[in-house]
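Structural characterization, general
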Amino acid sequence: MKRTIIKGVIVAAVFFTALFLISGIMNKGNTDMTAEMRGASYPLIRVSYGGFEINEMHGYGEPMELSQMREYLTPLAVGRKVNLKIIPYGRKIRQIGYEVRNLDGSRLIKSTQLEEFEQDGEEITVSFGLKDLITTNQEYMLTILLTMEDGGEIRYYTRVVSTEDYHASDKLDYVYDFSVRTFDREAAKELTKYLESNAEGDNTTLGLVTIHSSFKQVTWGDLEVTRESKPQITIKELGTQTGSFVLEYYVSTPGDGNKNYYRVKEFYRLRYTPERIYLLDFERTMDQIFEATRDVYANNKIMLGITSGEIPMKESDGGNIFAFEVGNRLYSYNVVDNKMALLFSFYDENNLDARTLYDQHGIKIMNVDEGGNVIFLVYGYMNRGRHEGGVGISVYYYDSTMNTVEELVYIPFYNAQDLLMEEVEQLSYINRNSMLYLKWGSQIYGVNVMARTCEVMVENLSEESYKVSDSNKMAVWQKEGEPYHGKELVLMNLTTGKQKTISAGRSEVIAPIGFMGEDLIYGIAREEDIVMDFAGNTIFPMYCVKIENEAEGVLMTYRQDNVYITGGQVSENQIILSRVEKGEDGFYTEISDDQIMNAKTEQSSKNTIESAITEKYERLTQIAVKGTIDDALMKHLTPKEVLFEGGRIAPLSIPEDQPDRYYVYGKEGLESIFIRESSAVNRAETISGVVVNEAGYYVWLKGNRSLKNQIMAIQGVAETEEKNSLAICLDTMLAFEGVVRNSEYMLAEGDSVMSILEESLPEAQILDLTGCSLDAVLYYVNQDIPVLVMLRDGSAVLLIGFNEQNTVVMNPETGTVYKVGMNDSREWFESNGNCFITYIRNTE
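Residues numbered from 1 in each chain as written. Predicted model: local features only at pLDDT ≥ 70, side-chain atom pairs only at ≥ 80, totals over all residues. Heavy atoms only, no water.

Let's shift gears to the nonpolar core. Among the nonpolar cores identified, the biggest contains 159 residues, and Phe178, Leu436, Tyr780 and Leu788 are the most heavily contacted of them. Counting residues per element, this core draws most heavily on helix H10 (residues 774-782), which supplies seven residues. Residue contacts for Phe178: discarding those within four places in its chain leaves Leu191, Tyr194, Leu195, Val218, Tyr268, Leu279 and Phe282. One finds Ile321, Ile363, Ile365 and Val368 within the second-largest nonpolar core, a separate group that totals 20 residues. (Core = buried A, V, L, I, M, F, W, Y, C linked by side-chain atoms within 4.5 Å. Buried < 20%, exposed > 50% of the residue type's maximum accessible area, 1.4 Å probe, protein only. Helix = DSSP H or I, 4+ residues; strand = E, 2+ residues; numbered from the N terminus. Contact = heavy atoms within 4.5 Å.)

Structural data, given as structure tokens:
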């Protein structure tokens, strides 16, 4: 496709002025010890590659955990060169250096200071080569270090890869051309062959458009859309066949006397072939930039415009005050006094550029009272202010009487912001005693925001041993026992701090399932019913499920003869229970799900988020306020920050021996975190994402699989009276890695399959992928890694190859290597519980 690059940057004079035209703003009650938030001061760095400026990097003030810094992937240019463009924003840079390390940061490959660099007006161009220091098609971490005139050091991070067969330029051309064509319906006809328009696409909103949307939706419906900025391209993932890219830019539509502006983000996932490029996934979000001082009020409605997701809102008990977050800006509205206050935003009319608009942070409303006071969190990357370039959590208090915002405490982190954001969204709650509860890793912490102290409240959590209610008011965890079940549960009301212990009966164990509202759902199993599969995984069949309220006790018990519950999922007003039956052979067989309905009705809000349908703009989001709004007399407030001396920092004491976790990355970056590798792979397969381990190495990724592959070094070996098929398979796997063991003896001594592999392959990471699909585990065979398949009768085979129609297995029962049809293989393995064991090589 023809490469087309829009010239220029955001039309600053028109865009910025029109967007934030503020008149008649009233700031009353500010104390003398207040000030505006300090402006952004860090430079930006972009990568020049193939005629594009990609991977716009934002600086960090402290060294970060390298293995988690996955926001960008930069392909090296010809000659293994890195070409950078630095935008200093008027600051003087004294020195530029860089470091190259392996992904987990444990090995320094090169550290260099650049002798000279060129400055061209407001930009500095830098180019350097990595030559023979790195291996082709392997990712490394590049850290760029800027030493500023005041001696401060700012760090920028990107993964880099040297490759000649990733076709990065072709893929960049494709996504850019696709985006440009959407603005020209005639030119966009070329795109129809890439779309998969069907009933899955929601053609009622322009806020979220996907590969399944109609051609009209992809080309902006009936809107008169003008692109206002050059798209900024970020490469997320890149392989020989596939690649994932994000484009971000701003558009406008004509309004009543003023333009309406929108932030647009596009996600592309591609597959390259020599003949053509295939579009595997496409998603575009569109969010109107809400400006409270403009004409956005009608009767009792606050019109937020086109939005791509839910709008967080919290109101006071009487509904006279409510706070809402839109476009990474936090507002509060006083219905009685008719006051609209902008409580927090990194961007405003005087601070509007790529640094302040960067959206790698979140805002969470914690509490709103009838006096108009609001407590809220800002968490993630700090675009500007006293913590600029840091990653952390700020707890703020808005004083409605004084019209000020005060930071109560700051909790710093040195991990990637998307990891922090995921943790905060799992659990963050502040109670009446100023105790902030946070989850990080396997711990729950309590932070006293006034005393600025922290303590560990709960330790040794695993992903299935604790649950939190949607409101975050209630939490439950296992007091002791196995990772996923124990003898007691501790139910805690985080509002009051009170705890309640729920105990299992004699010869029974207990496990949490979730919450319905604030009511706990848990299951009880008999110890005699708990069995282990051949991989050593615990099957935990619960003979009954109970719903219990903190104050009222057990509200309901679910129990059926010879029916066992293996899990549950809360969906709106019902619980969906996964169930099995126990056969005479002792094995459990899946049966149909069952549901428990919730008879309780949620308390209605006084102010509500609702949708309105229009012909031109399609679905719009608005807030229905409990009283009529007089926009002519509305007071607009912009509170200032309270100044204070020293720091208000409360770092968490995070133990170094945290359990290993698996990180699933998708369209929006980090999507979820798991302790079980099988859960991570299943989730990544569902969202077409990738799984990364603690060291930053790939555990699994979607796509890039060849049409066929076979591990030819593995030949057929027959079982004997002295050595069964499982031992044969284990010995064959180990021999393939150059290790000799007597697995038959080790199994007879009571060693599990996992322990044998872990002890014998210390440089590898052993993966129990029981429950994953055949398609998922073929990823490893494609990497020339055999997969052990264990069968219900105690035997085993090795999966060592595949093509489009077949798998290739080594079966010790026959002592041969042979092909099995793909569908037959799938049925064979599924009927045996999809019990897969394999590994990845963590060595470079």
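Our focus in this paragraph is the sheet that holds strand E19 (residues 301-305). Spatially, the four strands line up as an open sheet ordered E18-E19-E46-E45, and their pairing is antiparallel. Each edge of the open sheet is held by one strand with a lone partner, namely strand E18 (297-298) and strand E45 (608-614). The sheet contact formed by E19 and strand E46 (residues 618-624) spans four bridges and is antiparallel. In the sheet register, Ile302 faces E46, and the bridge partner there is Ile623. (Pairing = 2+ DSSP bridges.)

Further remarks concern the packing of aromatic side chains. Scanning the model with the defined rule gives 27 aromatic pairs in all. Between Tyr174 and Tyr194 the ring centres are 5.1 Å apart and the planes differ by 90°, which places this aromatic pair in the edge-to-face class. Taken together, the residues Tyr174 in helix H2 (residues 168-181) and Tyr194 in the loop between H2 and strand E12 (208-210) connect sequence positions 20 residues apart. For the pair Tyr174 and Tyr194, a shared accessibility class is recorded, and that class is buried. Residues Phe324 and Tyr331 carry aromatic rings whose centres are separated by 5.4 Å and whose planes lie at 15° to one another, so their mutual orientation is stacked. Taken as a pair, Phe324 and Tyr331 share a single burial class, namely buried. Ring pairing ties together the aromatic residues Tyr174, Phe178, Tyr194, Tyr268 and Phe282, which thus form one cluster. In this structure, Arg227 packs its charged tip against the face of Tyr249, placed 4.2 Å from the ring centre. (Phe/Tyr/Trp six-rings, centres within 6.5 Å; stacked < 30°, edge-to-face > 60°. Lys NZ or Arg CZ within 6 Å of the ring centre and 35° of its normal.)

This part takes up the pairing of E19. The pairing of E18 with E19 spans two bridges and is classified as antiparallel. Directly across from Ala298, in E19, lies its bridge partner Lys301.

So, on to the pattern of salt bridges. With the rule as written, the count across this model stands at 42 salt bridges. Ionic pairing is found between Asp359 and Arg263, a salt bridge with its closest N-O pair at 4.0 Å. One end of the pair, Asp359, is in the loop between helix H4 (354-357) and strand E24 (361-368); the other, Arg263, is in strand E16 (residues 259-272), and 96 residues separate them in sequence. The partner of Glu406 in a salt bridge is Arg648, and the shortest N-O contact between them spans 2.7 Å. Residue Glu406 is found in strand E27 (residues 404-413), and its partner Arg648 is found in the loop between strand E48 (640-642) and strand E49 (662-666); the two are separated by 242 residues along the sequence. Residue classification places Glu406 among the partly exposed positions, given a relative accessible area of 22%. A relative accessible area of 15% places Arg648 in the buried class. Taken together, the salt bridges that share partners define one network made up of Arg46, Glu53, Glu56, Lys85 and Glu123. (Salt bridge = Lys/Arg side-chain N within 4 Å of Asp/Glu carboxyl O.)

This part takes up the sheet that holds strand E44 (residues 588-597). Sheet architecture is open: three strands sit in the order E42-E43-E44, paired in antiparallel fashion. Bordering the open sheet on either side are strand E42 (563-571) and E44, each of which pairs with just one other strand. When strand polarity is set aside, the average angle formed by the axes of neighbouring strands in this sheet is 20°. Sheet topology places strand E43 (residues 574-582) next to E44; eight bridges connect them, and they run antiparallel. When the sheet's bridge partners are listed, Glu581 is paired in E44 with Thr589. (Axes fitted to C-alpha atoms, helices over the stretch in contact; angles between N-to-C directions.)

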